[in-house]
Amino acid sequence: MNVTERIERLSIPEPNSGCWIWLGALDRGGYARISLKGKNRKASRVSYQQFVGELTPELDILHICDLPACVNPAHLRVGTAQDNIFDMWAKGRGRVPKGEAHSNSILTLPQATEIRSRVLSGENPRLVALDFDISRTTAARIASGKSWRQI
Ligand SMILES: [Zn+2]
């Protein structure tokens, strides 16, 4: 069975919304998960790649239907990880104090690269920030490209 067939078998169309509701595993956020070549991946992302096109790692899949368990490629749009971080802030899970001092100077480029990749891969910016003795805001700014844009 190829990946497209697996997605079709593991989801059921919802006639009103048009959502393809995932019948397979969900993560704690309610997002569909699929195991692919031994890796547990977001099924929405896999669906988009199968039916629409390739994604580069910095691009995230957002649901226009707001149903995390939906894998209908027509309900998925591409956003940058930065969009997601802004989304997170907008939803109040992050707070950005104004005028926070830039502390970039204490970081090296490899550290900033590591901070960005860890935050973008889903680690809590606060915990990443603790590891580097920087503020969570600084970690989030690095991850979103507001600081250390050259990475
Ligand atoms: Zn949907």
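The coordinates are above.
Residues numbered from 1 in each chain as written. Predicted model: local features only at pLDDT ≥ 70, side-chain atom pairs only at ≥ 80, totals over all residues. Heavy atoms only, no water.

K.L.:
Looking at this model, I keep getting lost on the overall build of the protein. Mind explaining?
P.N.:
Along the backbone of the protein there are six helices and six strands. Going residue by residue from the N terminus, the α and β elements of the protein occur as α-β-β-β-β-α-β-β-α-α-α-α. Taking contacts inside the protein between residues at least 6 apart in sequence as the whole, the part at least 24 apart equals 46%. For the protein, the accessible area works out to roughly 9200 Å², and carbon and sulfur atoms hold 51% of it. (Helix = DSSP H or I, 4+ residues; strand = E, 2+ residues; numbered from the N terminus. Contact = heavy atoms within 4.5 Å. Areas by Shrake-Rupley, 256 points an atom, 1.4 Å probe, with all protein chains shown as cover.)

K.L.:
What should I look at first to understand the pattern of salt bridges in this one?
P.N.:
Oppositely charged side chains are able to pair whenever their charged atoms sit close together. Inspection of every chain in the model, using the stated rule, returns four salt bridges. In this structure, the salt-bridge partner of Arg33 is Asp27, at a minimum N-O distance of 3.6 Å. Residue classification places Arg33 among the partly exposed residues on the basis of a relative accessible area of 21%. On the accessibility criterion, Asp27 (25% relative accessible area) is partly exposed. Three or more residues are tied together by salt bridges with common partners; here these are Glu114, Arg118, Glu123 and Asp131. (Salt bridge = Lys/Arg side-chain N within 4 Å of Asp/Glu carboxyl O. Buried < 20%, exposed > 50% of the residue type's maximum accessible area, 1.4 Å probe, protein only.)

K.L.:
Could you clarify how one ought to interpret the environment of Asp131 in this entry?
P.N.:
Topologically, Asp131 is positioned in helix H5 (residues 125-132). Residue Asp131 is classed as exposed on the basis of its relative accessible area of 52%. A C-alpha to C-alpha distance of 9.3 Å links Asp131 and Ile115, two positions 16 residues apart in sequence. For Asp131, the side chain forms a polar contact with the side chain of Arg118, separated by 2.7 Å. (Polar contact = N/O pair within 3.5 Å; in protein donor to acceptor, adjacent residues only side chain to side chain.)

K.L.:
In this structure, what is going on with the packing of aromatic side chains? I would like to understand it.
P.N.:
How two aromatic rings sit relative to each other is set out by the distance from centre to centre and by the angle between their planes. The final tally for this structure, using the stated rule, is one aromatic pair. Between Trp20 and Phe51, the aromatic rings sit 5.5 Å apart at their centres with planes inclined by 85°, giving edge-to-face as the arrangement. With Trp20 in strand S2 (residues 20-22) and Phe51 in helix H2 (residues 43-51), this residue pair connects regions lying 31 residues apart in the sequence. The exposure class assigned to Phe51 is partly exposed, which follows from its relative accessible area of 30%. The ring centre of Tyr31 lies 4.4 Å from the NZ or CZ of Lys42, which sits over that ring. (Phe/Tyr/Trp six-rings, centres within 6.5 Å; stacked < 30°, edge-to-face > 60°. Lys NZ or Arg CZ within 6 Å of the ring centre and 35° of its normal.)

K.L.:
Explanation requested: H5 in the structure shown.
P.N.:
One turn of the α-helix equals 3.6 residues, which is why residues spaced by three or four share an orientation. Within the sequence span of H5, burial applies to Pro125, Val128, Ala129 and Phe132. All buried residues of H5 fall inside an arc of 100° around its axis, so they share one side. The exposed set on the far side of H5, more than 90 degrees from its buried face, consists of Leu130 and Asp131. Two or three places before Arg126, at the opening of H5, Asn124 has a side-chain oxygen 2.8 Å from that residue's backbone nitrogen. Among the residues trailing H5, Asp133 stands out with phi positive, at a value near 55°. (Arc of directions from axis to C-beta.)

These figures come from the coordinates and say nothing about function on their own.
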